[in-house]
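Below are the chains, spelled out letter by letter.
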Amino acid sequence: KREEKRKAEEEKARLEEEARRLALNDPVTVLNTALSASPTDMNAIREAFAGLPGNMPAKVSVLYSSLFSDSKQEALLQLVQKKSPVLHEFASDSASQLAQLMAFEALMATSFKDRMKEIPFILKYLFEEDIIDEEIIIGWHHKANAGAVLGVSPEDAKAIRDAAQPIVQWLEEAETDDDSSEEED
């Protein structure tokens, strides 16, 4: 019996060590570690992000999950404001900005369905802080299946776009006003 117990303990220790070793090689774990250990060390975060598998929307979806999914109690807008330096870092071009909106959509559909009313405020903040351009927000809004690549159902996509409608309408009206002003000049 002692020999069986010793072997069981050795096997348990071996499995725990294997799990630790695998976790250190898991890109999601590496990203989570970089974000929690040093949330302002953009080099470490960029390096961890680069190691993530998949295309840009998949990588940004992991980033958004890492940044926001443990934060069920706090207002999402406050979290977005706190995490904006990281969001800025990964919004350098239209493709990365669209990937952020797709990741935001997937996050809302999976983790924050009960917080849809916060969507227009978050989108407005992302626009005003130059994280996501208005054309990208408007284009994403009009592409109802943009989040499908990340598993967002058509029903969730519609609910998210319905919630986003006030900010999109405001952006479209501002864009129309800008076009009218340019024509008058």
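Quick caveat, the model's predicted, so the values are computed rather than measured.

Asks: Looking at this structure, I do not really get helix α6 (residues 94–111). What am I missing?
Replies: Because an α-helix packs 3.6 residues into every turn, residues spaced three or four apart end up facing the same way. The end-to-end C-alpha separation of α6 is 25 Å, in line with the 26 Å expected for 18 residues at 1.5 Å each. Most of α6 sits inside the fold, with 13 of its 18 residues counted as buried. Taking the backbone nitrogen of Ala 95 as reference, a side-chain oxygen 3.3 Å away marks Asp 93 as the first, capping residue of α6.

Asks: What should I look at first to understand the nonpolar core in this one?
Replies: Generally speaking, nonpolar side chains in soluble globular proteins are found buried as a group. Judged by nonpolar contacts, the single largest core of 51 residues is most densely connected at Ile 119 and Leu 123. Elements with a contribution of two residues or more to this core: α2 (27–37), α3 (42–50), α4 (56–68), α5 (76–89), α6, α7 (119–128), α8 (134–142) and α9 (154–184). For this core, the element with the most residues is α6, which contributes 9 residues. Setting aside residues no more than four positions away along its own chain, Leu 123 makes contact with Leu 101, Phe 104, Ile 137, Trp 140, Ala 164 and Ile 167.

Asks: Mind showing me how you'd approach the packing of aromatic side chains here?
Replies: In this description, an aromatic ring pair is defined by two values, namely the gap between the centres and the angle between the planes. This structure, assessed with the given rule, holds 3 aromatic pairs. Pairing Phe 49 with Phe 90 gives two aromatic rings, centres 4.4 Å apart and planes at 45°, and the pair type is tilted. On the criterion of sequence distance, the pair formed by Phe 49 in helix α3 and Phe 90 in the loop between α5 and α6 is long-range, its members being 41 residues apart. As far as the burial class goes, Phe 49 and Phe 90 line up, both buried. Look at Phe 127 and Trp 170: their rings are 6.0 Å apart centre to centre, the planes differ by 80°, and that puts the pair in the edge-to-face class. Of the two residues, Phe 127 sits in helix α7 while Trp 170 sits in helix α9, which places them 43 residues apart along the sequence.

Asks: Mind showing me how you'd approach the pattern of salt bridges here?
Replies: Note that side chains of opposite charge can pair when their charged atoms are close. With the rule as written, the count across this model stands at 9 salt bridges. Between Lys 82 and Glu 74 there is a salt bridge, and its shortest N-O distance comes to 2.7 Å. By relative accessible area, Glu 74 is classed as partly exposed at 25%. Where Arg 115 meets Glu 118, a salt bridge forms, and the shortest distance between an N and an O atom there is 2.6 Å. Residue classification places Glu 118 among the buried residues on the basis of a relative accessible area of 13%. Among the charged side chains, a salt-bridge network with shared partners connects Glu 3, Arg 6 and Glu 10.

What counts, and at which threshold
Residues numbered from 1 in each chain as written. Predicted model: local features only at pLDDT ≥ 70, side-chain atom pairs only at ≥ 80, totals over all residues. Heavy atoms only, no water. Helix = DSSP H or I, 4+ residues; strand = E, 2+ residues; numbered from the N terminus. Expected span 1.5 Å × (residues − 1). Buried < 20%, exposed > 50% of the residue type's maximum accessible area, 1.4 Å probe, protein only. Polar contact = N/O pair within 3.5 Å; in protein donor to acceptor, adjacent residues only side chain to side chain. Core = buried A, V, L, I, M, F, W, Y, C linked by side-chain atoms within 4.5 Å. Contact = heavy atoms within 4.5 Å. Phe/Tyr/Trp six-rings, centres within 6.5 Å; stacked < 30°, edge-to-face > 60°. Salt bridge = Lys/Arg side-chain N within 4 Å of Asp/Glu carboxyl O.

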